[in-house]
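# A closer look at the structure
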Amino acid sequence: MKILFAIRSADQLLYFKSIVSALCGRGHTVRLIYDPKWTDKTSLAKVEHFGESALNFTHGYSLARNDFWRNIYFHLRELRSYRSYLVEPRKSLRKAYQERWKGYLPNSLQALFNYSLPKAILARGASELLLKFLEKAMPPDIKIIEDIKSFTPDAVVVSPGNMRFSSAEVEYLKAAKSLGIPTALPVYSWDSLTTKGLYHVIPDILLAWNEAHKKE
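A brief report on the enclosed structure follows. The structure presented is a predicted model; accordingly, all values stated were derived computationally and were not measured. (Residues numbered from 1 in each chain as written. Predicted model: local features only at pLDDT ≥ 70, side-chain atom pairs only at ≥ 80, totals over all residues. Heavy atoms only, no water.)

## Quick notes on unusual backbone geometry
A cis geometry characterises the amide bond from S159 onward to P160, with omega recorded as 5 degrees. Position of P160 among the secondary structure elements: in the loop between β4 (155–159) and α9 (168–178). A positive phi angle is found at T152, which is not glycine, with a value near 50 degrees. Within the secondary structure, T152 sits in the loop between α8 (142–151) and β4. On the basis of relative accessibility, which here comes to 47%, the residue T152 falls in the partly exposed class. (Helix = DSSP H or I, 4+ residues; strand = E, 2+ residues; numbered from the N terminus. Buried < 20%, exposed > 50% of the residue type's maximum accessible area, 1.4 Å probe, protein only.)

As structure tokens, this is what we get:
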């Protein structure tokens, strides 16, 4: 199989090295790609060193989304993740993460949600349905679709897929799903499902660590 593995930053290979090694060791071809923005201050030495000993392995930069929809997408995703903490049932998490995620919103929205009424409107179920609809309605990036096609993968794997300030791996997941290519997402860390944002694009398979992840 040919597998395209998209991650946020090149230094995150550390978290997935065993997966990539196992895939290559079983004869699969793996191309690892990473977002140039989030890899800007990261050395590629470890990835290059890994590539020297791994068979059927290549790596390089993913494409960044720069079309008309980019900022709209990013703000809508941050808004939806913020909403998830407005309706978080666990009081121990709710307030702290509301304030944390509000800080990721544009300044105009941060000011708006200092007031109770806008927060109450956003917390309504209709707001969630609208935000989900907009995510599904907005198209994947054409350049990213073509980049995926050029590799002709049998599957696309992405991670983390839910961190603040959405990065390229989410766009590759969205594009792969539009092409009908099987997708998978291994959960990035032990607290990814609690303290990070939502998965705005849902993979075909989500690989959890344990029963706590499964429940979450």
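## Considering the side chain of H28
In this fold, H28 is placed in the loop between α1 (13–25) and β2 (29–34). Residue class for H28 comes out buried when judged on its relative accessible area of 19%. A polar atom in the side chain of H28 sits 3.2 Å from the backbone nitrogen of M1. Setting aside anything within four residues of it in sequence, one finds H28 in contact with M1, I3, L23 and N56. (Polar contact = N/O pair within 3.5 Å; in protein donor to acceptor, adjacent residues only side chain to side chain. Contact = heavy atoms within 4.5 Å.)

## Things to note about helix α7 (residues 125–137)
Between its terminal C-alpha atoms α7 stretches 18 Å, which fits the 18 Å expected from 13 residues at 1.5 Å a residue. Looking only at α7, the buried set comprises S127, E128, L131 and E135. The buried residues of α7 occupy one face: seen down the axis, they fall within an arc of 100 degrees. Seen from the open side of α7, the exposed residues pointing more than 90 degrees away from its buried face are A126, L129, F133 and K136. Buried-residue contacts for α7 involve α3 (70–86), α6 (116–123) and α9. (Expected span 1.5 Å × (residues − 1). Arc of directions from axis to C-beta.)

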